[in-house]
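These are the residues of each chain, in order.
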Amino acid sequence: MGKGEDRRVKLTKQMLKDALTKLLERKDIYHIAVREICDTADVNRSTFYKHYGSQFDLLTDMENDMLSLVEESITKNSNSREKIIEDACRFLECNIRFARLLLNNNVDPSFPQKLFSLTSLRDAVAKLTRDSHPGLNRNGPADEYTFNYVIHGAYQVIRVWINKEDREKPEEFADILCRIIV
């Protein structure tokens, strides 16, 4: 019985997330009311408030889904940068509408900073640059510059990819991005 409840809760939350995404395509978060989200999702407001306190809490949950996936992918695939990128790209592909809104800074301009501050991402980029550029000065200014160069460049390339209508498959794109980075 508990599993059925979990499934219903997951379905309800997904319906709310889909509704918020649909509304965000037309207007910003500050002009979206909880009532609109509920009407779009065909969910009662009391149900919404069981899970979220506001539309901002729902957006935060959606962002945290994306950040958790990145963390999980880095942890699970720590020895394969290509696999990390593939996993992230598959998630973006499956959630393309929200990914476009979020990565194009249409929803939360602070999201890139939340992403870039993930310790696991910093560690993965440090490992990548150590392996690719063994002569760089470690734990000095070169580390910070290298991190910012790699991460901001990759972020922009990913934005270009998600905005393309005729995108490469996540596996193809991961290969391209890895070749660019290294």
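Described in the following lines is the structure provided in the data block.

1. Concerning the overall build of the protein chain
And step 1. When you go through the protein chain residue by residue, the secondary structure sums to ten helices and zero strands.
And step 2. Listed by position from the N terminus, the elements making up the protein chain come as α-α-α-α-α-α-α-α-α-α.
And step 3. For the C-alpha atoms alone, the extent of the protein chain along its principal axes is close to 60 × 40 × 35 Å.
And step 4. Expressed as a percentage of the 182 residues in the protein chain, the buried residues total 40%.
And step 5. For the protein chain, the proportion of contacts with a sequence separation of at least 24, taken over those separated by at least 6, is 61%.
And step 6. When the accessible surface of the protein chain is split by element, carbon and sulfur atoms take 51% of a total near 10700 Å².
And step 7. Between the averaged position of the 28 positive side-chain charges in the protein chain and that of its 29 negative side-chain charges there is a distance of 2 Å.

2. Some details on the packing of helix α5 (residues 81-94) against helix α6 (residues 96-103)
And step 1. Between α5 and α6, the shortest axis-to-axis distance is 5 Å and the interhelical angle comes to 105°. Here α5 is positioned roughly perpendicular relative to α6, judged by the angle of their axes. The residues of α6 that touch α5, namely those facing Leu 92, Glu 93 and Cys 94, are Ile 96, Ala 99 and Leu 103.

3. Considering helix α2 (residues 34-41)
And step 1. Where α2 is concerned, the buried positions are Val 34, Glu 36, Ile 37, Cys 38 and Ala 41.
And step 2. At the exit of α2 stands Asp 42, carrying a positive phi of roughly 60°.

4. Notes on the environment of Ala 154
And step 1. One can find Ala 154 in helix α9 (residues 141-163).
And step 2. Exposure remark for Ala 154: the relative accessible area of 11% places this residue in the buried category.
And step 3. Each C-alpha atom of the pair Ala 154 and Val 70 lies 14 Å from the other, and the pair is 84 residues apart in sequence.
And step 4. Apart from residues lying up to four places away in sequence, Ala 154 is in contact with Leu 177 and Ile 181.

5. Points about the packing of aromatic side chains
And step 1. Evaluated as defined, the whole model comprises five aromatic pairs.
And step 2. When the centroid spacing of 5.3 Å and the interplanar angle of 85° are considered together, the rings of Phe 48 and Tyr 49 count as edge-to-face.
And step 3. Relative accessible area serves as the criterion here: at 44%, Tyr 49 is assigned to the partly exposed category.
And step 4. Seen from their ring centres, Phe 48 and Tyr 52 are 5.7 Å apart, and the 45° between their planes marks the pair as tilted. By the burial criterion, Phe 48 is buried, and Tyr 52 matches it.
And step 5. Every member of this aromatic cluster is reached through a ring pair, and the members are Phe 48, Tyr 49 and Tyr 52.

6. Considerations on unusual backbone geometry
And step 1. Of note, the phi angle at Asp 42 is positive, near 60°, even though the residue is not glycine.
And step 2. Structurally, Asp 42 can be placed in the loop between α2 and α3 (45-51).
And step 3. For Asp 42, a relative accessible area of 70% puts it in the exposed group.

7. A short note on the layout of surface pockets
And step 1. Of the voids in this model, the largest pocket is the one considered here, and its volume is about 650 Å³.
And step 2. What lines the largest pocket is a set of 31 residues, and nearest its centre among them are Ile 74, Ile 84, Ile 85, Leu 121 and Ile 151.
And step 3. Take the lining of the largest pocket: its biggest share by element is eight residues, from helix α8 (residues 119-132).
And step 4. Each pocket or cavity is described by its volume, and for the second largest pocket that value is around 290 Å³.
And step 5. For the lining of the second largest pocket, the elements supplying multiple residues, two or more each, are α1 (2-24), α4 (55-76), α5 and α6.

8. Section: the nonpolar core
And step 1. By size, the foremost hydrophobic cluster in this structure holds 51 residues, and its most contacted members are Leu 20, Ile 37 and Leu 115.
And step 2. Counting residues per element, this core draws most heavily on α9, at eight residues.
And step 3. Among residues more than four places away in sequence, those in contact with Leu 115 are Leu 67, Val 70, Leu 121 and Tyr 155.

Definitions and limits used
- Residues numbered from 1 in each chain as written.
- Predicted model: local features only at pLDDT ≥ 70, side-chain atom pairs only at ≥ 80, totals over all residues.
- Heavy atoms only, no water.
- Helix = DSSP H or I, 4+ residues; strand = E, 2+ residues; numbered from the N terminus.
- Buried < 20%, exposed > 50% of the residue type's maximum accessible area, 1.4 Å probe, protein only.
- Contact = heavy atoms within 4.5 Å.
- Areas by Shrake-Rupley, 256 points an atom, 1.4 Å probe, with all protein chains shown as cover.
- Lys, Arg positive; Asp, Glu negative; His and termini not counted.
- Charge placed at Lys NZ, Arg CZ, Asp CG, Glu CD.
- Axes fitted to C-alpha atoms, helices over the stretch in contact; angles between N-to-C directions.
- Parallel < 35°, antiparallel > 145°, perpendicular 65-115°, else oblique.
- Phe/Tyr/Trp six-rings, centres within 6.5 Å; stacked < 30°, edge-to-face > 60°.
- 1 Å grid on protein atoms, 1.4 Å probe; cavity = no way out; pocket = protein on both sides within 12 Å on 5 of 7 lines; lining within 4 Å.
- Points joined across faces, edges and corners; volume = space filled by probe spheres on them.
- Core = buried A, V, L, I, M, F, W, Y, C linked by side-chain atoms within 4.5 Å.

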